[in-house]
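# Inside the fold
For reference, the chains in residue letters:
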Amino acid sequence: MLSKLNSFMKKQIAGLGLLMLLSQGAGAQGKLNKADSLYKEGQLMATIDEYNKMYNSDSTNYTIVYNLACAYAQGRMPDKAYRFLNLAVNLNTTEAALCDPDFLPLKKDKRWEDFEKNLVAQIQKKYEHPIGDEEYARKLWRMKARDQALYTDIQLAEKKIHRNSSIVYALWDVKENYNQQNQLQLEALIAKKGWPKISQVGAEGGSAAFLIIQHSDLEKQKKYLPLIKKLCEEKEAYWGSYALMYDRIQVAEHKPQRYGSQVIFNNNTNKYELSPMEDESKTDEWRKEIGMQALADYLLNWDIKWEPKTKQ
């Protein structure tokens, strides 16, 4: 059982990829609305009812329309999901829906291929720098959806049952299967086409490749880190991705991290903690250099209060 728990802890750390991407964007999440709170509690039908009320009051709000589509997709109501998803992409034409795990149930529906084709065509028309390799991008979007799947379910199971329950272990095992499928597929694609550049597959495609390797083993992470750094210098990848993987490797090798991206759950305190740092007095300077938000703001996503230690 001890080896199982050690393996599980590694999975907990690896499972933080989605939240860690917040370091590249805005600060800590704001207060949840009622619909989002219901969703986090697993009350899907109540979530749908609440979002419908919000939609009736503000039918042009992209976030409301998009989240309603997500809720219907998760509730296995494809007709309504497609209705609101089409409304959402007309309000805001991005590739986000193509790599959103909430829409994995819709990808079994014959309508998905047409939806994807039409949305890609809209994206290509809308943006000045279109996606260079649509085939590569589409594969990466699907892989990203798999990579990000089940995190909400795992968090709910941890909250409602227990972090070390058999159900949580089973969900992590499914996640591991998804990760292994993605890694095999991605390495085959890289061997054929090279590491996906932003100009080639767009921002979402590039982040898909990063997440898949970030959730793989140490050998693969070390293999691709120099390439990611090179592409960052060429503005074909994001420095935030490089920082996350750099820190991940450092922590895996029992070395201090530089950018403060890695946290770990302490089973004794039932709280997340920041992994050891290289030099806390310089952390925010290093983060600012590559466009990352202040570490104190980033750590609020795990309810960690942090102030940098200054050198004496």
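Predicted model only: the values in this text are computed from it and were never measured.

Turning our eyes to something else, we now look at the overall build of the chain. Helices and strands together make up the secondary structure of the chain, namely 15 helices and two strands. For the chain, buried positions account for 48% of its 312 residues. Sequence-distant contacts in the chain: of pairs separated by 6 or more residues, those separated by 24 or more amount to 65%.

With that settled, the discussion passes to the packing of helix 7 (residues 111-126) against helix 8 (residues 134-148). Remark: helix 7 packs on helix 8, axes separated minimally by 12 Å, with the N-to-C direction vectors making an angle of 120 degrees. The angle between the axes of helix 7 and helix 8 places the two elements in the oblique class. Here helix 7 and helix 8 pass one another in a crossing that is right-handed. Contacts between helix 7 and helix 8 involve Glu 116, Lys 117, Val 120 and Gln 124 from the first element and Glu 134, Arg 138, Trp 141 and Arg 142 from the second.

So, on to the nonpolar core. Ranked by internal contacts, the top residues of the largest apolar core, which has 71 residues, are Leu 85, Phe 103 and Phe 115. The element that contributes the greatest number of residues to this core is helix 5 (residues 62-74), accounting for nine residues. Non-local contacts of Leu 85, meaning those with residues more than four positions away in its chain, are made with Tyr 66, Ala 69, Ala 97, Phe 103, Leu 106, Trp 112 and Phe 115. Counting six residues, the second largest nonpolar core, distinct from the first, contains Tyr 151, Ala 157, Val 168 and Leu 171.

Our next topic: the side chain of Gln 221. By secondary structure assignment, the location of Gln 221 is in helix 12 (residues 218-233). Ignoring any residue separated from it by four or fewer positions in sequence, one finds Gln 221 in contact with Ile 213, Gln 214, Ser 216, Met 245, Arg 248 and Ile 249.

The next thing to look at is unusual backbone geometry. Of note in this structure, Lys 235 is not a glycine but carries a positive phi near 60 degrees. With respect to the secondary-structure elements, Lys 235 resides in the loop between helix 12 and helix 13 (239-252). Of note, the phi angle at His 254 is positive, near 60 degrees, even though the residue is not glycine. Counting through the fold element by element, His 254 comes out in the loop between helix 13 and strand 1 (263-266). You can call His 254 exposed: its relative accessible area is 77%.

Across the chain, pLDDT averages 87, with 89% of residues at or above 70. Every residue in residues 1-30 scores below 50 in pLDDT, and together they form 67 contacts with partners more than four places removed in sequence or on other chains.

A pair of packed helices is characterised by two quantities: the angle between their axes and the separation of those axes. Helix 13 packs onto helix 11 (residues 198-214) with a crossing angle of 5 degrees between their chain directions and a minimal axis gap of 11 Å. By the criterion of interaxial angle, the relationship of helix 11 to helix 13 is roughly parallel. Across the interface between the two elements, Phe 210, Ile 213 and Gln 214 of helix 11 pack against Ser 241, Leu 244, Met 245 and Arg 248 of helix 13. Classifying every residue of the contact of helix 11 with helix 13 gives four nonpolar, two polar and one charged.

By the definition in use, this model includes 19 salt bridges. One salt bridge in this structure joins Arg 111 and Asp 79, with 2.9 Å as the shortest N-O distance. Of this pair, Arg 111 sits in helix 7 while Asp 79 sits in helix 6 (residues 78-91); the two residues are 32 residues apart in sequence, bridging distant segments of the chain. You can call Arg 111 partly exposed: its relative accessible area is 33%. According to the relative accessible area criterion, Asp 79 is exposed, its value standing at 54%. The salt bridge involving Glu 134 is made with Arg 138; its shortest N-O contact spans 3.6 Å. One end of the pair is Glu 134 and the other is Arg 138, both in helix 8 and four residues apart, which spans about a single turn. Under the relative-accessibility criterion, Arg 138 is labelled buried at 17%. Here the residues in one salt-bridge network are Glu 116, Glu 134, Arg 138 and Arg 142, joined through shared partners.

How each quantity is defined
- Residues numbered from 1 in each chain as written.
- Predicted model: local features only at pLDDT ≥ 70, side-chain atom pairs only at ≥ 80, totals over all residues.
- Heavy atoms only, no water.
- Helix = DSSP H or I, 4+ residues; strand = E, 2+ residues; numbered from the N terminus.
- Buried < 20%, exposed > 50% of the residue type's maximum accessible area, 1.4 Å probe, protein only.
- Contact = heavy atoms within 4.5 Å.
- Axes fitted to C-alpha atoms, helices over the stretch in contact; angles between N-to-C directions.
- Parallel < 35°, antiparallel > 145°, perpendicular 65-115°, else oblique.
- Left-handed = near helix turned anticlockwise from the far one by under 90°.
- Core = buried A, V, L, I, M, F, W, Y, C linked by side-chain atoms within 4.5 Å.
- pLDDT = per-residue confidence, 0-100.
- Nonpolar A, V, L, I, M, F, W, Y, C, P; charged D, E, K, R; others polar.
- Salt bridge = Lys/Arg side-chain N within 4 Å of Asp/Glu carboxyl O.

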